[in-house]
Amino acid sequence: MKLSAGVEWSLHCCVVLGQANGPVPAARLAELHGISKTYLAKHLQSLARAGIVHPSEGRDGGYVLTRGPQHTTVLDVVQAIDGKEPAFRCTEIRQQGILAAPPEECLSACGIAKVMAQAEQAWRSTLSAVSIADLAATLDVDALKKVLAMPGS
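Residues numbered from 1 in each chain as written. Predicted model: local features only at pLDDT ≥ 70, side-chain atom pairs only at ≥ 80, totals over all residues. Heavy atoms only, no water.

(A) The overall build of the protein chain, seen in detail. For the protein chain, the helix and strand inventory stands at seven helices and two strands. Traced from its N-terminal end to its C-terminal end, the protein chain shows the element sequence α-α-α-β-β-α-α-α-α. Counting every position in the protein chain, which comprises 153 residues, the buried fraction comes to 33%. Excluding contacts between residues fewer than 6 apart, the proportion of contacts in the protein chain whose partners are at least 24 apart in sequence is 69%. Carbon and sulfur atoms make up 57% of the accessible area of the protein chain, which totals about 9400 Å². (Helix = DSSP H or I, 4+ residues; strand = E, 2+ residues; numbered from the N terminus. Buried < 20%, exposed > 50% of the residue type's maximum accessible area, 1.4 Å probe, protein only. Contact = heavy atoms within 4.5 Å. Areas by Shrake-Rupley, 256 points an atom, 1.4 Å probe, with all protein chains shown as cover.)

What follows is the structure, given as structure tokens:
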């Protein structure tokens, strides 16, 4: 399974927003992570459309999490950025080629489709069990809070 780089960036931004005491400008988030402001803005818009972050306008504007970091999961962020489509899409290849089975024999999922669906479910279950707060617990949030308190934050 391959996820876009935007997923990683968005997760890091959500961790930062979960530690911030107010809105954090997109430019500051990009600076903190050394990433492109324009590309990050696209992902922040996706997070906003999904209801994960909320943009605020004005001099002190920026982004905030819409709910506490303990209530936003890694799966929420992954789906906001890369979509909700399953990683594997069965095309019923059993009905093609010289080994083709008649459609009536393909009424139940084959072993390949079943194992892929089980793997997808395990993956989604794991990601939905980890919150942004859980991720923050693995980082040096004291250093992050110091950086957020610096001018320009």
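(B) Region of interest: the state of the cysteines. As enumerated under the stated definition, the model contains zero disulfides in all. In this structure cysteine 13 is not part of a disulfide, and its nearest cysteine sulfur, from cysteine 14, lies 7.1 Å away. Looking at cysteine 13, the relative accessible area reads 1%, which means it is buried. Overall, the relative accessible area of 0% leaves cysteine 14 in the buried class. (Disulfide = S-S within 2.5 Å.)

(C) Here's a closer look at the pattern of salt bridges. Under the criterion given, the structure shown has three salt bridges. Among the ionic pairs, arginine 124 bridges to glutamate 120, the shortest N-O distance being 2.7 Å. With arginine 124 and glutamate 120 both in helix α5 (residues 111-128) and four residues apart, this pair spans about one turn of that helix. The same class applies to arginine 124 as to glutamate 120, namely buried. (Salt bridge = Lys/Arg side-chain N within 4 Å of Asp/Glu carboxyl O.)

(D) Structural view of helix α7 (residues 141-149). Taken as a whole, α7 has its buried residues at Val141, Leu144 and Leu148. Take α7 and look down its axis: the buried residues cluster within an arc of 55 degrees, on one side only. Seen from the open side of α7, the exposed residues pointing more than 90 degrees away from its buried face are Asp142, Lys146 and Ala149. Buried-residue contacts for α7 involve α1 (5-19), α2 (26-33) and α6 (132-136). (Arc of directions from axis to C-beta.)

(E) Looking closely at helix α4 (residues 74-82). A large share of α4 lies buried, amounting to seven of its nine residues. All of the buried residues in α4 are Val74, Leu75, Val77, Val78, Gln79, Ala80 and Ile81. Those residues of α4 that are buried lie in contact with α1, α3 (37-49), α5 and α6. Just downstream of α4 lies glycine 83, where phi reads positive at about 95 degrees.

(F) Expanded view of the nonpolar core. Within the largest apolar cluster, 31 residues are counted, with the highest numbers of intra-cluster contacts made by Leu29, Leu47, Ile52 and Val77. Breaking this core down by element, the ones donating at least two residues are α1, α2, α3, β2 (62-65), α4, α6 and α7. Among the elements that line this core, the one with the most residues is α1, at seven residues. If sequence neighbours within four positions are ignored, isoleucine 52 has contacts with Cys14, Leu47, Val64, Leu65, Thr66, Arg67, Thr72, Asp76, Val77 and Ala80. (Core = buried A, V, L, I, M, F, W, Y, C linked by side-chain atoms within 4.5 Å.)

(G) A look at the pairing of strand β1 (residues 53-56). Both β1 and β2 contribute to a ladder of four bridges, which runs antiparallel. Bridging across to β2, proline 55 finds its partner in tyrosine 63. Hairpin connection, β1 to β2: the antiparallel pair is bridged by five residues, and glycine 58 has positive phi, about 100 degrees. (Pairing = 2+ DSSP bridges.)

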